[in-house]
Structure formats: C-alpha cells, structure tokens
Amino acid sequence: MRTSIIKKLVIGFVFFSAVLSSCSEAFLDEKPLDFLSPENAYTTETGIEQGITAIQNRIRFVYYTYGSFGTMNWATHGSDVGFNGETPDRGSRYLNSYRDLTPTFTPVVDHWVRGFEIIQWANVLIDGIKKADATIFTQGEAGKNAYLAEARFFRAFIYRHLVSTYGDIPLLDEPTTKAKTDYVRAPVAEIHKFMEEDFKFAAANLPKPGEESAPGRVTQGPAWHYLAETYLEMGNAQEAVTAASHAVNDYDYALMTERFGNRLGTDILGSGDAYFDLFGYTNHNLPNNTEAMWVIQVERGTSDETTINSAYIYGPRYFDIALTPDGKKATLGTFYGGKYTGISDTLSRPCANGRGTNLVHYYIWKDNWDNDIRNAEHNLRRNYYYDNPESAYDGHKIDFKLYEGTPYPRTNPLDDTIRLMFPTFMKFHDPCNYTVQLPRAGSGNTHKDWYALRFAETLLLRAEAYLGVNRPDLAAADVNVVRARANAKPVSASTIDIDYILDERARELYGEEWRLIALRRTGKLIERVRKYNDNPLCPGAHIEEHNFRWPIPQTQIDLNIDAEFPQNPGY
C-alpha cells in the first residue's frame, strides 16, 4: 500500500521519546539514545523533559549543522546576499539557480521532510503532555503549561519556515499514527492563525528570560518576537508592534556595547569590539550577555558531533591559490605532525559554500566604510597575505595583479574571485581555537554556540512593524539603536524604508537570519534577488515570479491518492 511522504517520515517517529541519562543542568548536553512509546515515556516529568531535549537536538542538527541541509547554507543561498561559490553554476545540490528548483530537487524534498518530521515529534510530545496529570510536575499546572508552551513554540517555529517556503501546506495539530493518503493543503492564513495561537500560548507560559532551567531553553522573549513576525506575515502591523514591544520592554535585553567575555586581552586579530565579542567561544551564554535571546547549544565537548560548520561554509578557499608570484607555495599554514599543513589556524578550512554578493561585501558599507565596526577588518576580513618565508612576497597582501608578466599567470580569474579570494565575515570563525582535525586546522568545524535569535533582530523587526503603521520616526529610532552600537551614522525618518531595513539586517545579521523568510515577508524576494544576486554564472539566480514559493515535493503529490494535493503554480 502506498503512503504519503508525510506518513513515511512520521511513522518511525510515533515512538520517539528519547531516553537520556539526566536533565536540568545538563539539559542540552544529552543525546537521544532510544525511542519508546509515548504511553510510557510521558508519564513522568523527566520523560517529558527528555522529549523536549530530543526536539532541541533535532532542530540543532537539521538547521544549524552541515549534517542535514543546514540553515547556514539556506540563510544566504537563493537570496540577495549570497550563493554557492564552490560550485556556482547550475546543477549542484545548492540553490544557485531557481531553474534547478523542481519538485524533485533534493533541498525541496529535504526541507519538507525534515520540517514535518519535527512537527510530528512536537505533536507527539504535545499530546503526551496534555494527557499527563499535573501532579507529576514539580510546579504543578504551571509546570505542565511551561512544557506544553515549549513544545508548541517549536511546532510554530517549524511551521514558520514551512509556510514561508511552500505556502499552503497541511495543518497537523495532532500526531499521525496510521497511514494517511488524504492530506489537504490548508491556506497560508490558516497556518498563520495556528502559529499565532502557539506563539501566544508560549509567550504566556514559558519562563521569563533568566528563569529558564538551562542555557538554550526557550523563554518568553523569543515567543514574543516570532509572534510579532507572524503578525507581520498576517498583515497586522499594529499587533506586530505590540508583540515586539513586549520583547523589547518587558525584560532586560539590551545590545552589548562594551567589550566582554573571553576575547578581552586576547585579540588574536589585533583588535576587537563588542560586536566581535558576541561571537567568541563561551560568550553566547554568559549571564552578562544581554543580547542573546535564544542560543543553539554546541559548546559541550570536542567531538565532530558537537560542532557548527560555520568556518567551513563561510570563507574563501585561500589554500588553493597554490603559488606566489615568484613560484613558491603561497600559504604554508600551521605546522603539525612535522610538516606545514597549508591551512591557517586563523581561518581554518572554508570551502566558499556561502559566498556573499557584492551587496554584503561592498555596497551596504559604502557610506560608513571607515566607521561602522561591523566593517572593521577583525569583523569582515578583506585582506589576505602570502605566508612563506622562502618567497620575496612573504607577508605581502595577496593581489592577483602581481602575477601579470610572471611565469605563473592566473588563468581563471572567475575562480580566483568566486572561490579563492573574497571577504569573509569573522563571526563564522574561531581563530586559533580549532580542536578537531588539527592537520586541517579544524577543517571548518567550530565548537562555538550559535545565536538562533539576538536582540538586535528584534529591534529591526519592530522597526519593520513601525513602518507598517506609518511611524518612520519610531522605525528609525529602533534601527539607530543598532547603528549606534556599530558606530554608524544614524538614519533619518525621511530616509528609512523597507529596503533600508533589509540592508541593515544584512549588515547586522548576515548568515544568522533566514534571509529568504525576510525577503518573502517584505515582498522583496523577486526584486532584490534580481538586483543583487550577482553570481556571474547565474545572474539574478534566474529567479522568476513563480519562484516566490518553492514547489511541493512530487512524491507528496503522487502518494496522496485519496485527496487532491495541487502543485504550486509554475512548477
């Protein structure tokens, strides 16, 4: 008997509750080890907390590592801010060209399957919590509601991604426990209303920031933020202002404006600032980091299983430059195992997977080039140097013009600028702190935690909402809080518009925000991708109007034999 793709992915997860050795203080240090029936797994508070752990772990793996499709790829690909520089042409597994975006394209299927997988996990947990007696919880009914709020937050968070990507999709509010071949697509408005209710419940019942049981646990602040974002998706800017203002005003969030954490006095790159410190190892969860709102937990050990592959995804393949203009090895790199590795322990081994556009490398900085700290060399590295004492060019800035007229001419200028040499955002790197694959200086793996949400994003979201209620003065005020920390010139109420806010999001949140969600929400996807995605092999990413939404996976349509499941227009 044929079953739908949703059924295929969830049937194995009906019995999914993770058995872990402990909770509380070591909450996110745990790994799901086995799967049990919800009927016996969710009869204790420990079992329910382990269910939360399983979902958190799955979100981390699917969206914040390279092991699945990874937010860090999809934070920039197919947008106005980036493309894949390692394989920039059509036909790869990455979204360089929207002409590759078909109903059988692997990312189309993966995003769908992984998203509904997590929704199923959340629904199983929600069902178990609802059936649990309040007396099993340390805090009684309030404790029960707090766990329920966390599970509902995760469900809405995943729907946020799915509805933006695919439009009308199935609305699943309870576990799928048997074969089902009659799914229907619920309208976007219905999904948004469902998300609204989940985020509202989460905002009312999650712990306040600072009262969570362990780092990484979700609190009221992120719930208010994503509720505000949902209201913007629904076209209700006033409610978005109200929700975002709860996040801004009700807690102790604030931008970090002074140096802090473990980089104080140890500026490996020669200089630093508060923005640089935000991304330092161990700095994300510090009690005095008032900017962190939701942190993906990674700093738990030194195995490959506990890494973020940010230094692999972002940055040029500088180590492939090969020779200096006088024919010596261009980069000796670190010395390990009795030989030079050719890999720098400052940059690790990036692969140009996330290559920025000229918009994020140059255009958005032109009016504040020398004063915006986010454009400082320690935050956005533009200069690279030959590293070989045997060469006359040792310590000189790498410049491909130096090869002209030498026996070692550069023969592929496109490769030089798309793959081998371009600016890199140092937030993705952890200089001289790579602890695995040492012969390759970590091979792009970092052990830093990662921000799912920072307070700067909430300020920029409220600014977007203020524009929606025709208060450009208040929008400018919020944006200028972010710009003041960056030592950038303030924007005026007469100048600010949605494009300015999107530019500011790129300056502040490049590689952190899910860019395609922001572009769809603001109605700017098609326009800005055509204008700014300057991949020379796929100009404008070949985007067309119907690419506003992705196609539905063909297998979902083919196997949904007992109800019509129409494809999105244009596919």
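Please clarify how the overall build of the protein should be interpreted in this entry.
The secondary structure content of the protein amounts to 19 helices and 10 strands. Scaling as 2.2 N^0.38, a compact globule of 571 residues should have a C-alpha radius of gyration of about 25 Å, and the protein matches this with 24 Å. Dimensions of the protein along its principal axes, counting C-alpha atoms only, are 75 × 60 × 50 Å. Looking at the 571 residues of the protein, the share that counts as buried comes to 61%. Within the protein, contacts between residues at least 6 apart in sequence are counted, and of these 70% link residues at least 24 apart. For the protein, the exposed area adds up to about 21,200 Å²; of that, 50% sits on carbon and sulfur atoms. Across the protein, the 59 positively charged side chains and the 74 negatively charged ones have centroids separated by 3 Å.

Even after reading the chapter, I still don't get a nonpolar patch on the surface, so can you show me in this structure?
A contiguous nonpolar surface patch, about 310 Å² in accessible area, is contributed by Tyr362, Tyr363 and Trp369. Structurally, Tyr362 can be placed in the loop between helix H12 (358-361) and strand S8 (380-381).

Sorry, what's going on with the packing of helix H8 (residues 220-233) against helix H9 (residues 237-249) here?
Packed helix pairs are specified by the crossing angle of their axes together with the interaxial distance, meaning the distance between the axes. For the pair H8 and H9, the least separation of the axes is 8 Å and the interaxial angle reads 165°. What the angle tells us is that H8 and H9 run roughly antiparallel. Handedness of the H8/H9 crossing: left-handed. On H9, the residues touching Gly221, Trp224, His225, Leu227, Ala228, Tyr231 and Leu232 of H8 are Ala237, Glu239, Ala240, Ala243, Ala244, His246 and Ala247. Per-class residue counts for the contact of H8 with H9 are 10 nonpolar, three polar and one charged.

Mind showing me how you'd approach the nonpolar core here?
Across soluble globular proteins, nonpolar side chains show a tendency to be buried alongside one another. Core analysis: the biggest nonpolar cluster contains 126 residues, and Tyr64, Tyr98, Phe153, Tyr159, Ile169, Trp294 and Trp550 have the highest contact counts within it. Among the elements that line this core, the one with the most residues is helix H6 (residues 140-166), at 13 residues. Counting residues in hydrophobic clusters, the runner-up holds 15 residues, among them Tyr318, Ile321, Ile343 and Ile398.

Would you mind going over the packing of aromatic side chains with me for this structure?
The relation between two aromatic rings is expressed through the spacing of the ring centres and the mutual angle of the planes. Using the criterion set out here, one finds 33 aromatic pairs in the structure. Ring geometry for Tyr253 against Phe455: centres 5.8 Å apart, planes inclined by 25°, an arrangement best described as stacked. Taken as a pair, Tyr253 in the loop between H9 and helix H10 (274-278) and Phe455 in helix H14 (residues 455-468) lie far apart in primary sequence, 202 residues in all. These aromatic residues form a ring-pair network of at least three members: Tyr63, Phe153, Phe154, Phe157, Phe199, Tyr226, Trp294 and Trp514. A cation sits over an aromatic face here: Arg160 above Trp514, 5.3 Å from the ring centre. Sitting over the ring of Phe276, Arg263 keeps its end group 3.9 Å from the ring centre.

Just checking my understanding: could you explain H6 for this structure?
Residue pairs spaced three or four apart in an α-helix point in one direction, given the helix's 3.6 residues per turn. In this model H6 runs 39 Å from its N-terminal to its C-terminal C-alpha over 27 residues, within 8% of the 39 Å that 1.5 Å per residue would give. In terms of residue burial, H6 counts as a mostly covered element, since 24 of its 27 residues are buried. Once H6 finishes, Gly167 follows within two positions and takes phi at roughly 80°, a positive value.

Sorry, what's going on with the environment of Gly210 here?
Among the structural elements, Gly210 can be located in the loop between helix H7 (188-205) and H8. Residue Gly210 is classed as exposed on the basis of its relative accessible area of 67%. A sequence separation of 41 residues divides Gly210 from Tyr251, and the C-alpha atoms of the two residues are 9.4 Å apart.

Where do I start with the pattern of salt bridges in this structure?
Two side chains that carry opposite charge are able to pair once their charged atoms sit near each other. As enumerated under the stated definition, the model contains 46 salt bridges in all. Here Lys193 makes a salt bridge to Glu196, at a shortest N to O gap of 3.1 Å. Taken together, the residues span about one helical turn, with Lys193 and Glu196 both in helix H7 at a distance of three residues. Judged by its relative accessible area of 42%, Lys193 falls in the partly exposed class.

Would you mind going over unusual backbone geometry with me for this structure?
Where the residue is not glycine, phi is negative for most of them; where a peptide bond is considered, it is trans in most cases. Phi is positive for Ala322, which is not a glycine, with a value near 80°. Mapped onto the elements of the fold, Ala322 is located in the loop between helix H11 (310-313) and strand S5 (335-336). Even without glycine at this site, Gln437 takes up a positive phi of about 45°. Note that Gln437 resides in the loop between strand S9 (424-425) and strand S10 (450-454).

Help me out: how do you make sense of the pairing of strand S4 (residues 292-296) in this one?
Along any regular strand, the residues point their side chains to alternate faces of the sheet. Within S4, five of the five residues are buried, leaving the element largely enclosed by the surrounding structure. When S4 meets S10, the two strands line up antiparallel, connected through four bridges. Looking at the pairing, Ile296 lines up with Trp450 of S10.

What is the right way to read empty space enclosed by the protein from this model?
One water molecule sets the probe size; rolling that probe over the atoms shows where empty space is left. Under the defined criterion, the tally for this structure stands at five cavities of 30 Å³ or more. Its volume calculated, the second largest cavity comes out at about 60 Å³. In terms of lining residues, the second largest cavity is bounded by Tyr64, Phe157, Arg160, Tyr226, Ala452, Glu457, Glu512, Glu513 and Trp514. Looking at the lining of the second largest cavity residue by residue, the class counts come to five nonpolar, no polar and four charged.

Mind showing me how you'd approach helix H16 (residues 498-509) here?
End to end, H16 covers 16 Å across 12 residues, agreeing with the expected 16 Å (1.5 Å per residue, within 8%). Of all 12 residues making up H16, 11 are buried, and the element is well covered by its neighbours. Buried residues of H16: Asp499, Tyr500, Ile501, Leu502, Asp503, Glu504, Arg505, Ala506, Arg507, Glu508 and Leu509, and no others. Residue Asp497 occupies the N-cap position of H16, its side-chain oxygen lying 3.2 Å from the main-chain nitrogen of Asp499. Within two residues after H16, Gly511 carries a phi angle of roughly 80°, on the positive side.

Help me out: how do you make sense of the packing of H6 against H8 in this one?
Axis separation between H6 and H8 bottoms out at 11 Å; the angle between their running directions is 35°. Crossing angle aside, the handedness with which H6 passes H8 is left-handed. Residues Phe153, Phe157 and Arg160 of H6 form the contact with H8, whose own contacting residues are Pro222, Ala223, Tyr226 and Glu229. Looking at the contact of H6 with H8 residue by residue, the class counts come to five nonpolar, no polar and two charged.

I'm lost on the environment of Ile557 in this one. Help?
For Ile557, the position within the fold is in helix H19 (residues 554-559). Residues Ile557 and Pro103, 454 residues apart in the sequence, show an inter-C-alpha distance of 9.6 Å. Apart from residues no more than four positions distant in its own chain, Ile557 is found in contact with Ile552, Phe565, Pro566 and Gln567.

Parameters and conventions
- Residues numbered from 1 in each chain as written.
- Predicted model: local features only at pLDDT ≥ 70, side-chain atom pairs only at ≥ 80, totals over all residues.
- Heavy atoms only, no water.
- Helix = DSSP H or I, 4+ residues; strand = E, 2+ residues; numbered from the N terminus.
- Rg over C-alpha atoms; globule rule 2.2 N^0.38 Å.
- Buried < 20%, exposed > 50% of the residue type's maximum accessible area, 1.4 Å probe, protein only.
- Contact = heavy atoms within 4.5 Å.
- Areas by Shrake-Rupley, 256 points an atom, 1.4 Å probe, with all protein chains shown as cover.
- Lys, Arg positive; Asp, Glu negative; His and termini not counted.
- Charge placed at Lys NZ, Arg CZ, Asp CG, Glu CD.
- Patch = residues over 30% accessible without salt bridge, like charges linked within 9 Å, V, L, I, M, F, W, Y side chains within 5 Å.
- Salt bridge = Lys/Arg side-chain N within 4 Å of Asp/Glu carboxyl O.
- Axes fitted to C-alpha atoms, helices over the stretch in contact; angles between N-to-C directions.
- Parallel < 35°, antiparallel > 145°, perpendicular 65-115°, else oblique.
- Left-handed = near helix turned anticlockwise from the far one by under 90°.
- Nonpolar A, V, L, I, M, F, W, Y, C, P; charged D, E, K, R; others polar.
- Core = buried A, V, L, I, M, F, W, Y, C linked by side-chain atoms within 4.5 Å.
- Phe/Tyr/Trp six-rings, centres within 6.5 Å; stacked < 30°, edge-to-face > 60°.
- Lys NZ or Arg CZ within 6 Å of the ring centre and 35° of its normal.
- Expected span 1.5 Å × (residues − 1).
- Pairing = 2+ DSSP bridges.
- 1 Å grid on protein atoms, 1.4 Å probe; cavity = no way out; pocket = protein on both sides within 12 Å on 5 of 7 lines; lining within 4 Å.
- Points joined across faces, edges and corners; volume = space filled by probe spheres on them.
- Polar contact = N/O pair within 3.5 Å; in protein donor to acceptor, adjacent residues only side chain to side chain.

Nothing here speaks to function; it is geometry throughout.
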